[in-house]
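Chains, contacts and geometry: an overview
Next come the chains, spelled out residue by residue.
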Amino acid sequence: MGTATVWWRARAISAGVGSDWRLSEARIRKTCISVSTRSSCCSSPLTLIVSSMPYEKELAAAKKAATLAARLCQKVQKALLQSDVHSKSDKSPVTVADYGSQALVSFILERELLSEPFSIVAEEDSGDLRKESGQETLKRITELVNDTLASEGSDSFPTLTTDDVLAAIDNGKSEGGPVGQHWVLDPIDGTKGFVRGDQYAIALGLLHEGKVVLGVLACPNLPLASIGSNQLHSSNEVGCLFFAKVGEGAYIQALGGSTQTKVHVCDVDNPEEASFFESFEAAHSSHDLSSSIAEKLGVKAPPVRIDSQAKYGALSRGDGAIYLRFPHKGYREKIWDHAAGSIVVTEAGGIVTDAAGNPLDFSKGKFLDVVSGIIVTNQKLMPSLLRAVKEALNEKASSL
Ligand SMILES: Nc1ncnc2c1ncn2[C@@H]1O[C@H](COP(=O)(O)O)[C@@H](OP(=O)(O)O)[C@H]1O
Ligand SMILES: [Mg+2]
Ligand SMILES: [Mg+2]
Ligand SMILES: [Mg+2]
């Protein structure tokens, strides 16, 4: 909630609507608008303020949090030690940087958005770090978080204790859902890519009444110049920060930079000229199925395989036209793997749906209940992509 919300709240309270800080923003907004039409003390400027300022403060806090978390991750990726990589109970990898990033983002959001009701749905939890065997790792994470905060310079941050770090990680225990506001955090999306030295992203979204209203994607290893094409790169610089607020477009700036540029998905309408992204990891998405879809569409270019929601970022600036994700049977998608990426792409003019063409529903808690897979492209290609996906899925079903 930004300045505008505080103002709406103040209006709601002074108009006798109530002083419950847990009133949803939408309710307060509605109430204030109706008060303004009835009461002379609360007249015309309201509409202007409402339309121009929502989520400003949240976006600034989210960009700061993701940028700092990216700095922590970069430090770890440079000097990744085998002892920094652990296995979770589902056998997926987690590193000191996943935990450190989650603790940092949680700490910064709470500090920057002081009095706001605060809920984060995040991937990691502190369970393993609270065990005897996790103590050394916890110390290392705490050092990393404190070093990163110290390198920020401008603010005087307190030195966090191991207990502070555990508490910050566990702020991410919220279940989400259709009511109120929830931050959605993937502290490192693409941990396998991170460990390999490849692409990864810090992905932070904000849900309001079950809809994504803001997203920030920090992609420390993504080139600032376009990828996935043959064009000669004018610069080898890496590190992109994508961000979007609902209704206001999507932007990119260099990670740590300040000049922002609006991004748009590409406007290719001939599938023969389109290229597509998919997971680097074949275990995360069926490469066979996407190759059959691409063939049906007439896509000529080979797949661009990269880890993480960097795919959404790259697509939002037109590096490629399509993103195909078809997890193997039984896998349930999580909201933190798509919240930030999907708003960046939709605000850049793209469409994100499941394989049946339904919009993604972020209001159901931690999981996304999608039909068969997730597909992303521009408005022009979506109808033919949906037809190709349907055909390929039918063929696959009849071959089983
Ligand atoms: N079997 C599986 N099928 C599909 N996705 C999976 C998977 N196992 C893990 N993932 C998810 O795939 C994400 C990475 O996506 P990508 O393949 O695009 O890089 C992982 O995010 P984390 O790395 O945050 O755990 C994880 O949530
Ligand atoms: Mg992830
Ligand atoms: Mg992750
Ligand atoms: Mg993970």
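Every value quoted in this text rests on a predicted model; they were computed, and no experiment measured them.

Turning our attention to the overall build of the protein. When helices and strands are counted, the protein shows twelve helices and 16 strands. Expressed as a percentage of its 400 residues, the buried residues of the protein come to 47%.

Let's shift gears to the sheet that holds strand β12 (residues 322-325). Across the sheet, five strands lie side by side as β11-β10-β12-β16-β14; this open sheet has mixed pairing. The open sheet terminates on both sides in strands that have one partner only, identified here as β11 (304-305) and β14 (350-354). Of the pairings in the sheet, the one linking strand β10 (residues 276-278) to β12 comprises two bridges and is parallel in character. Directly across from Phe276, in β12, lies its bridge partner Ile322. Against the sheet, helix α9 (residues 287-297) contacts β10 and β12, and its axis sits at roughly 170° relative to β10. Lying over the sheet, helix α11 (residues 339-347) contacts β14 and β16 (374-378), oriented at roughly 140° with respect to β14.

It is worth spelling out the site of ligand 1 at this point. Near ligand 1, the surroundings consist of 18 residues, among which Thr191, Ser279, His284, Asp307 and Pro327 are the closest. Elements that contribute at least two residues to the shell around ligand 1 include exactly β4 (181-189) and α8 (191-196). Its residues placed into classes, the shell around ligand 1 shows four nonpolar, seven polar and seven charged. Lining the shell around ligand 1 are residues from two domains, each supplying at least three of them: domain 2 (56-263) and domain 3 (271-399).

The subject of this paragraph is the UniProt feature "binding site: Mg(2+)" (unreviewed entry) in the protein. UniProt annotation of "binding site: Mg(2+)" (unreviewed entry) refers to Glu123, Asp186, Ile188, Asp189 and Asp337 when read in the numbering used here. These annotated residues cover 215 residues of sequence, but their C-alpha atoms sit close together, with the largest distance between any two at 9.8 Å. Here Glu123 lies in the loop between β3 (120-122) and α6 (135-152). Glu123 sits in the buried class, given 24 other C-beta atoms within 10 Å. Secondary-structure assignment places Asp189 in strand β4. Residue Asp189 is classed as buried on the basis of its 29 C-beta neighbours within 10 Å. Other than its neighbours up to four places away in sequence, Asp189 contacts Tyr200, Ala201, Ala203, Ser308, Gln309 and Asp337.

Next up on the list: the pairing of β4. Here β4 lies mainly inside the structure; nine of its nine residues are buried. Judged from the three bridges that link them, β3 and β4 form a sheet pairing that is parallel. When the bridges of β4 are listed, Ile120 appears paired with Trp183.

This brings us to the sheet that holds β3. Paired through backbone hydrogen bonds, the strands of a sheet run either parallel or antiparallel to each other. Strand order in the open sheet made by the seven strands is β3-β4-β5-β6-β7-β8-β9, with mixed pairing throughout. Strands at the two margins of the open sheet, each flanked by one partner only, are β3 and β9 (261-263). Taking each pair of neighbouring strands and ignoring which way they run, the sheet shows an average axis angle of 20°. Those strands touched by helix α5 (residues 96-112) are β3, β4 and β5 (201-208), and its axis lies near 150° from that of β4. Packed onto the sheet, α11 meets β4, β5, β6 (211-223), β7 (238-245) and β8 (250-254) and runs at close to 95° relative to β6.

Time to look at the environment of Leu207. Along the chain, Leu207 turns up in strand β5. Each C-alpha atom of the pair Leu207 and Ala339 lies 8.3 Å from the other, and the pair is 132 residues apart in sequence. Among all residues touching Leu207, those that are not within four sequence positions of it are Gly176, Gln181, His182, Val184, Val212, Ala339 and Phe362.

Turning our eyes to something else, we now look at the nonpolar core. Ranked by internal contacts, the top residues of the largest apolar core, which has 109 residues, are Ala65, Ala66, Ala69, Leu204 and Ala218. With eleven residues, helix α4 (residues 56-78) is the single largest residue contributor to this core. Residue assignment places this core across two domains, with domain 2 (56-263) and domain 3 (271-399) each supplying three or more. The contact partners of Ala218, leaving out residues within four places of it in the chain, are Ala66, Thr67, Ala69, Ala70, Ala201, Ile202, Leu241 and Leu255.

If you trace the backbone, Leu68 turns up in helix α4. When near neighbours in sequence (up to four residues on either side) are disregarded, Leu68 contacts Leu104, Ile108, Thr148 and Glu152.

Thresholds, definitions, all that
- Residues numbered from 1 in each chain as written.
- Chains lettered and ligands numbered in written order.
- Predicted model: local features only at pLDDT ≥ 70, side-chain atom pairs only at ≥ 80, totals over all residues.
- Helix = DSSP H or I, 4+ residues; strand = E, 2+ residues; numbered from the N terminus.
- Buried ≥ 20, exposed ≤ 12 C-beta atoms within 10 Å, placed from the backbone.
- Pairing = 2+ DSSP bridges.
- Contact = placed C-beta atoms within 7 Å.
- Axes fitted to C-alpha atoms, helices over the stretch in contact; angles between N-to-C directions.
- Near = placed C-beta within 6 Å.
- Nonpolar A, V, L, I, M, F, W, Y, C, P; charged D, E, K, R; others polar.
- Domains from an automatic or database assignment.
- UniProt positions renumbered as here; feature names shortened; annotations may be inferred.
- Core = buried A, V, L, I, M, F, W, Y, C linked by C-beta atoms within 7 Å.

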